[in-house]
Amino acid sequence: MKGERIREAGNREAVLLSHERLRVVIDADKGMVPELSTRFRGGWINAHWQPWFRSNSGAHWQQETHSPFWKVPLLYDIAGNFPCFPNFGPDQSYHSYSLPPHGYTAFCRWTQNSPVSTEDTVSLESALETGDHPFSYSKKDLLIQGQNVHFTKLTVRNNSGETEAYNCGWHNTVGAPFLESGCLIDNNSEQYAVPPEGSEFDSTGSLAFGTFTDSLERVPLRDGGTANLRIVPGVTGNTDFISGAVPRNCHLGWSSVVNPRLKLIYLSFFKGPASLGAEDIPLYFYDLWMNYGGRPYTPWAACDGYTDQTFCLGAENITGYYGSGLNDSVKNPELMGNPTHLNLKGGEEKTLFYGTLFQDYEGDLFDKGIRSVEAEPGFLILNSYNGQYVKISCDAAFERLA
């Protein structure tokens, strides 16, 4: 088990946690996780998105210099996955607060303690004070010997005397070399919804506005017919978005991306609505942000009107009204029967437990994707579409983080 402070791309301060099969890099700035790598064919392979436009100059953000190309600080540093609190969506004002894109947790600098190693774990504790907003955050990242999972516990405290609304998410984004055409997307949602007209995807998307479907394999298109979103198509010239409702009766929420050519599984999981305690933060939606080359403007393209050079998939888990932020979530308090925002009372704190698994598999077991996922003490059970299953060593109940 190994934990060390490092300087990653762009001379960014970060911490590396690793064991012989898995390693994760966690940035101090914005909490970005640019790397989640597993052993692969004698080397390592990273599942997380590394955008071509991520600044690696080492220069700090300067509004006048950098905003014409990158627009906002988030895109200057974005990579991999990151937590989004108290706003999942674009920058906006809510009451007296100016909320940055995807919240303060993806905008501010986390204070990282020195990593701690034991005989069978390595962990990192971090904290974040946001200043003008009353929420404070603490986070623990953990690897466990013999488990190919990045575990995270994120606790939010409301330091004011008033109840505050928020929405939130974990913005998992995968990219090449893991992501390629032919990858398969699965989760346990039974209903999906495409954002209505008026979102950022009006000019980039192909999916019919405001439509609902019970399957990712049959999503209505604007020009007629349907699309099978389960299969990653490669670059299409579109950027689309769809939300799936986490079933209220499920004990485990999960979302997977399988690469059947490379025999690799990327799977995120969290406590389902049926397993939540009073102090747990729920995630009620699976959001798929499919950036398959539909943004011909900076920073996705080198110049406005030129080719979008970005190919990535956001396999996000959130509580929110699509990806439109806290204001729209409060105005639209329910989607597909699930809440779109949460409330934290003055002086109250709650915790989100979250896991991201990345590992290989053998044979053709998951070449058609993952049909279902279950948890039992010490294991995740992954069921395939051919009737077989595999038990993976995993602290699926998050007991080591409690």
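Everything below is about the structure shown above.
Just so you know, these numbers come straight off a predicted model, no measurement behind them. (Residues numbered from 1 in each chain as written. Predicted model: local features only at pLDDT ≥ 70, side-chain atom pairs only at ≥ 80, totals over all residues. Heavy atoms only, no water.)

### Comments concerning the overall build of the protein chain
At step 1: The helix and strand tally for the protein chain stands at three helices and 33 strands.
At step 2: Taken over the C-alpha trace, the protein chain has a radius of gyration of 20 Å; the compact-globule value for 402 residues is 21 Å, and the two agree within 12%.
At step 3: Each principal axis of the C-alpha distribution contributes one length, and for the protein chain these read about 50 × 45 × 45 Å.
At step 4: Evaluated residue by residue, the protein chain yields a buried proportion of 59% over its 402 residues.
At step 5: For the protein chain, the accessible area works out to roughly 15700 Å², and carbon and sulfur atoms hold 47% of it.
At step 6: The averaged location of the 46 negative side-chain charges in the protein chain is 4 Å from the averaged location of its 31 positive side-chain charges. (Helix = DSSP H or I, 4+ residues; strand = E, 2+ residues; numbered from the N terminus. Rg over C-alpha atoms; globule rule 2.2 N^0.38 Å. Buried < 20%, exposed > 50% of the residue type's maximum accessible area, 1.4 Å probe, protein only. Areas by Shrake-Rupley, 256 points an atom, 1.4 Å probe, with all protein chains shown as cover. Lys, Arg positive; Asp, Glu negative; His and termini not counted. Charge placed at Lys NZ, Arg CZ, Asp CG, Glu CD.)

### What to know about the sheet that holds strand β32 (residues 379–384)
At step 1: With respect to topology, three strands assemble into an open sheet ordered β31-β32-β33, the strand pairing being antiparallel. Here the strands that pair on one side only, and so sit at the sheet edges, are β31 (370–376) and β33 (389–393). Strand-to-strand twist across the sheet, computed as the mean angle between neighbouring axes with direction ignored, equals 20 degrees.
At step 2: Pairing of β32 with β33, which is carried by five bridges, proceeds in the antiparallel orientation. Its bridge partner lying in β33, leucine 382 is registered against valine 390. (Pairing = 2+ DSSP bridges. Axes fitted to C-alpha atoms, helices over the stretch in contact; angles between N-to-C directions.)

### A closer look at the pairing of strand β13 (residues 149–158)
At step 1: Along β13, eight of the 10 residues are buried, which leaves the element largely enclosed by surrounding structure.
At step 2: In terms of strand pairing, strand β12 (residues 135–144) meets β13 through eight bridges, oriented antiparallel. Bridging across to β13, aspartate 141 finds its partner in threonine 152.
At step 3: Turn length for the β12-β13 hairpin, with the two strands adjacent in sequence and antiparallel, is four residues, and the turn residue glycine 146 shows positive phi of about 80 degrees.

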